[in-house]
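Examining the three-dimensional arrangement
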Amino acid sequence: MTKKALIAGWGDLPRIWAEKAQAAGEDFIVIKIAGEITAEFSDLDCAEYTVNLTQLGEILEILEKEKIKEAVWLGKIQKAHLFADFNPDQKLQQLLAQLPDLNDDTILMALALEFINSGVKLLPQTYLLEDQLAEAGILAGEIRTELKKDLIFAFETAYNLGRFDIGQTALVKDGAVMALEAIEGTDQAIKRAAKYGGPGVVMAKCSKSDQDLRFDLPTVGLKTLANLIENKAAALIIEAGNTFILNKEEFCRRAAAEGIVVAAAEYKEGELILPW
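Residues numbered from 1 in each chain as written. Predicted model: local features only at pLDDT ≥ 70, side-chain atom pairs only at ≥ 80, totals over all residues. Heavy atoms only, no water.

Right, let's talk about the UniProt feature "domain: LpxI C-terminal" (unreviewed entry) in the chain for a bit. In this numbering, the UniProt entry assigns the feature "domain: LpxI C-terminal" (unreviewed entry) to residues 142–262. Strand forms 21% of residues 142–262 and helix 41%; the C-alpha atoms that close the span are 9 Å apart. (UniProt positions renumbered as here; feature names shortened; annotations may be inferred. Helix = DSSP H or I, 4+ residues; strand = E, 2+ residues; numbered from the N terminus.)

Another point: the side chain of Thr126. Residue position: Thr126 is located in the loop between β5 (121–122) and β6 (137–140). For Thr126, a relative accessible area of 14% puts it in the buried group. Residue contacts for Thr126: discarding those within four places in its chain leaves Leu133, Leu213, Leu217 and Phe244. (Buried < 20%, exposed > 50% of the residue type's maximum accessible area, 1.4 Å probe, protein only. Contact = heavy atoms within 4.5 Å.)

Here Asn242 lies in the loop between β11 (235–239) and β12 (244–245). Within the structure, the side chain of Asn242 is placed 3.1 Å from the side chain of Ser207, a separation counted as a polar contact. Ignoring any residue separated from it by four or fewer positions in sequence, one finds Asn242 in contact with Leu133, Ser207, Gln211, Leu213, Leu217 and Pro218. (Polar contact = N/O pair within 3.5 Å; in protein donor to acceptor, adjacent residues only side chain to side chain.)

According to the stated counting rule, one finds 17 salt bridges in the structure shown. Across the pair Glu66 and Lys3 runs a salt bridge, and its minimum N-O distance is 2.5 Å. Of the two residues, Glu66 sits in the loop between α2 (56–65) and β4 (70–74) while Lys3 sits in the segment before β1 (4–8), which places them 63 residues apart along the sequence. In this structure Glu66 comes out as buried when scored by relative accessible area, which is 14%. On the basis of relative accessibility, which here comes to 21%, the residue Lys3 falls in the partly exposed class. Across the pair Glu48 and Lys32 runs a salt bridge, and its minimum N-O distance is 2.8 Å. Here Glu48, found in strand β3 (residues 47–51), pairs with Lys32, found in strand β2 (residues 28–33); they are 16 residues apart in sequence, far enough to count as distant. (Salt bridge = Lys/Arg side-chain N within 4 Å of Asp/Glu carboxyl O.)

Before going further, it helps to spend a moment on the domain arrangement of the chain. According to the domain assignment, the chain consists of domain 1 (4–122) and domain 2 (133–273). When each unit is reduced to the centre of its C-alpha atoms, the spacing between domain 1 and domain 2 is 27 Å. Listed by partner, the interface residues are 18 residues for domain 1 and 14 residues for domain 2. Looking at the side of domain 1 facing domain 2, the largest losses of area belong to Leu13, Asp105 and Leu108, adding up to 31% of the total buried there. (Domains from an automatic or database assignment. Buried area = accessible area lost by both parts, 1.4 Å probe.)

Taken as a whole, this structure holds 0 disulfides when the rule is applied. Cysteine Cys252 shares no disulfide, and the gap to the nearest cysteine sulfur, in Cys206, comes to 18 Å. (Disulfide = S-S within 2.5 Å.)

If you look at the biggest cluster of nonpolar residues, it comprises 30 residues, and the most contacted ones within it are Ile29, Ile31, Ile59, Leu63, Leu95 and Phe115. Elements with a minimum of two residues in this core: β1, β2, β3, α2, β4, α3 (90–97) and α4 (104–117). For Leu95, the residues in contact, after removing those within four places along its chain, are Leu56, Ala110, Leu111 and Glu114. The next biggest cluster of nonpolar side chains, apart from the first, holds 25 residues, and it includes Ala134, Val201, Ala233 and Phe251. (Core = buried A, V, L, I, M, F, W, Y, C linked by side-chain atoms within 4.5 Å.)

Dropping the structure here:
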């Protein structure tokens, strides 16, 4: 079995993958991105490294030293770090200087090429995590007729937002956009939407039409749900098959108890397939 590296950003997803990898008998190491870590790995049977986001050269050196041939990159990397007290090493400086822009896909594709050139294949984020993906359907609550219009509007807005590589999340109310996710991330977008829209906003999270499965798949978890509950949101619609929904049973149970509808729709060949 090929030795793998887990490059771990913020959130619970890296820990979930590591537990599954150990249960499957995978030989792996963990490279934690300093400043992004929310999971612990010390109880697992794997070597651990902590590296600053700016130290691309060091990450590549670790991969070479550990004879890594495959890697999976999971967890959020806060893009805002690129603009606040950012001091990249020479390797990363050279990479960024060659890019036409600093959009997510541009940066991630360039990093993927660096890994490939170093002899390391980036695996899809779904590797070992297929059971964490949302299935199509109404996952929590009952959809009132008057809510359907905003659910469709939110989902189509999020889908089109992804085409411009800006963000994955849109929040709407009564047919008007309250907030679009940009560099601040999902949680801040929810708060901004509630500030202007008040109770009853509808959130959608959707992948890009040409989503690269190796990085940046949409993810929702209990922290996202707590934020929606706190800000009295009405519903959440996500993309089935392309969105991780962490702690799925608890997520849906708690959403239903709080009166928040959760649904998962699909895009197939450009056509929106609704779950109702």
